[in-house]
Amino acid sequence: MVVAPAAPVLVVIGIHREELVFGREVAAGLAPDEAEVLEIPDGLSGRRPRPDQCFRYGLAHEALYLQLLPHVLGRHRLLVDLHAGIDRDGPCADLMCGDAVLAERLQARLHESTGAPAAGVPVAAGVPMAGVRVIRLGSSDAVPTRTVIPERIWHNPAFLYLCMEIYLPDDGSARPQAVALARRLIGLAAQCVVCGGDAVAAPDCSC
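Residues numbered from 1 in each chain as written. Predicted model: local features only at pLDDT ≥ 70, side-chain atom pairs only at ≥ 80, totals over all residues. Heavy atoms only, no water.

Enquirer: What's the story with the overall build of the protein in this structure? I'm lost.
Expert: A count of helices and strands for the protein gives six helices and six strands. Along the chain direction, N to C, the helices and strands of the protein fall in the order β-α-β-α-α-β-β-α-β-α-β-α. A separation threshold of at least 6 residues defines the contact pool for the protein, and within that pool the share at least 24 residues apart is 82%. Only carbon and sulfur atoms are counted for the fraction: they give 54% of the accessible area of the protein, which is about 10800 Å². (Helix = DSSP H or I, 4+ residues; strand = E, 2+ residues; numbered from the N terminus. Contact = heavy atoms within 4.5 Å. Areas by Shrake-Rupley, 256 points an atom, 1.4 Å probe, with all protein chains shown as cover.)

Right, here's the structure in full:
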């Protein structure tokens with residue numbers, strides 16, 4: 001029996017249950033050899049908890065993320081944590097990761113994509129690649145960012161982590177473009193981790 005190799009990327013959707021439908025729309029157009037999808041059927045609410053709920057919410061949030069480890073370890077090079085938010089200027093996105101090499105590669109790919117498309121990545125009509133920021137978690141010179149995601153997830157030596165926050169206008173007018181943007185960004189991230197092997201071990205890749 002021949003077992004097909006795992007895709008380089010695992011995309012998790014539904015950590016926040018309000019975002020699951022958007023995640024399913026994105027997942028429906030992903031190439032199976034590029035990314036596998038892990039759906040959380042009963043995730044947490046993405047709404048800010050009341051002060052008296054914060055402690056219990058924090059424990060549940062940490063426990064949910066740590067349950068992802070068996071799905072990633074030894075199988076995938078990159079965990080993409082897909083989220084959706086609201087921004088009147090959307091569709092746009094923040095890409096947040098703790099690995100410096102991955103951040104540099106993503107930034108380089110985005111720079112290429114604002115002009116000509118990256119090799120092997122089709123242009124999706126209306127996808128505003130210029131509205132994407134790369135934010136390095138844990139870096140002193142980064143955009144000030146606080147994350148409640150456990151460090152064992154976003155700073156794990158066994159795999160790379162990328163939080164992908166896709167912002168949509170609250171009237172839903174640009175939803176198809178936001179879905180296309182998420183798919184294209186996942187494709188860019190996949191290219192960065194398969195280019196020459198592990199992104200940490202191959203910092204001289206031209207990605």
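That was the structure; now back to the text.
Enquirer: I'm lost on the pairing of strand β4 (residues 92-97) in this one. Help?
Expert: Within a regular beta strand, the side chains point alternately toward one face of the sheet and then the other, so they alternate between its two faces. β4 sits mainly inside the fold: six of its six residues count as buried. Burial along β4 is two-sided: the face carrying Cys-92, Asp-94 and Met-96 and the face carrying Ala-93, Leu-95 and Cys-97 are both buried. Sheet topology note: the β4/strand β6 (residues 160-168) ladder contains five bridges and is antiparallel. Paired with Ala-93 across the strands is Ile-166, a residue of β6. Sheet topology places β4 next to strand β5 (residues 132-136); five bridges connect them, and they run parallel. Bridging across to β5, Cys-97 finds its partner in Arg-136. (Buried < 20%, exposed > 50% of the residue type's maximum accessible area, 1.4 Å probe, protein only. Pairing = 2+ DSSP bridges.)

Enquirer: Where do I start with the sheet that holds strand β1 (residues 9-13) in this structure?
Expert: In a beta sheet, neighbouring strands are held together by backbone hydrogen bonds and run either parallel or antiparallel to one another. In spatial order, the strands read β2-β1-β3-β6-β4-β5; together these six strands make up an open sheet with mixed pairing. Both outer strands of the open sheet, β2 (35-39) and β5, are each paired with one neighbouring strand and no more. Strand-to-strand, the axes of this sheet are offset by a mean angle of 25 degrees, without reference to chain direction. (Axes fitted to C-alpha atoms, helices over the stretch in contact; angles between N-to-C directions.)

Enquirer: Looking at this model, I keep getting lost on the packing of helix α4 (residues 100-113) against helix α6 (residues 175-194). Mind explaining?
Expert: Describing two packed helices takes the angle between their axes plus the distance from one axis to the other. As a packed pair, α4 and α6 sit with axes 10 Å apart at the nearest point and diverge in direction by 125 degrees. Our classification of the angle between α4 and α6 gives oblique. Helix-helix and strand crossings are classified by hand; for α4 and α6 the assignment is right-handed. Each of Leu-102, Arg-105, Leu-106, Arg-109, Leu-110 and Ser-113 in α4 lies in contact with α6, whose residues at this interface are Arg-184, Leu-185, Leu-188, Ala-189, Gln-191, Cys-192 and Val-193. (Parallel < 35°, antiparallel > 145°, perpendicular 65-115°, else oblique. Left-handed = near helix turned anticlockwise from the far one by under 90°.)

Enquirer: Looking at this model, I keep getting lost on the environment of Pro-41. Mind explaining?
Expert: Turning to its location among the elements, Pro-41 is positioned in the loop between β2 and α2 (54-66). Among the residues examined, Pro-41 registers a relative accessible area of 68% and is labelled exposed. Measuring from C-alpha to C-alpha, the distance between Pro-41 and Arg-17 comes to 7.7 Å, with 24 residues separating the pair along the chain.

Enquirer: Whenever I open this one, helix α1 (residues 20-27) confuses me. Can you help?
Expert: Side chains that are three or four residues apart share a direction in an α-helix, a result of its 3.6 residues per turn. Every buried residue of α1 is accounted for by Leu-20, Phe-22, Gly-23, Val-26 and Ala-27. On an axial view of α1, the arc spanned by its buried residues comes to 160 degrees, and they lie on one face. Among the structural elements, β1, β2, β3 (78-86), β6 and α6 are those in contact with the buried residues of α1. (Arc of directions from axis to C-beta.)

Enquirer: Explain unusual backbone geometry here, please?
Expert: Most of the time, phi is negative for any residue but glycine, and the peptide bond is trans. The peptide bond linking Gly-90 to Pro-91 adopts the cis configuration, its omega dihedral lying at 5 degrees. Tracing the sequence through the fold places Pro-91 in the loop between β3 and β4.

Any functional reading would require information that these geometric values do not contain.
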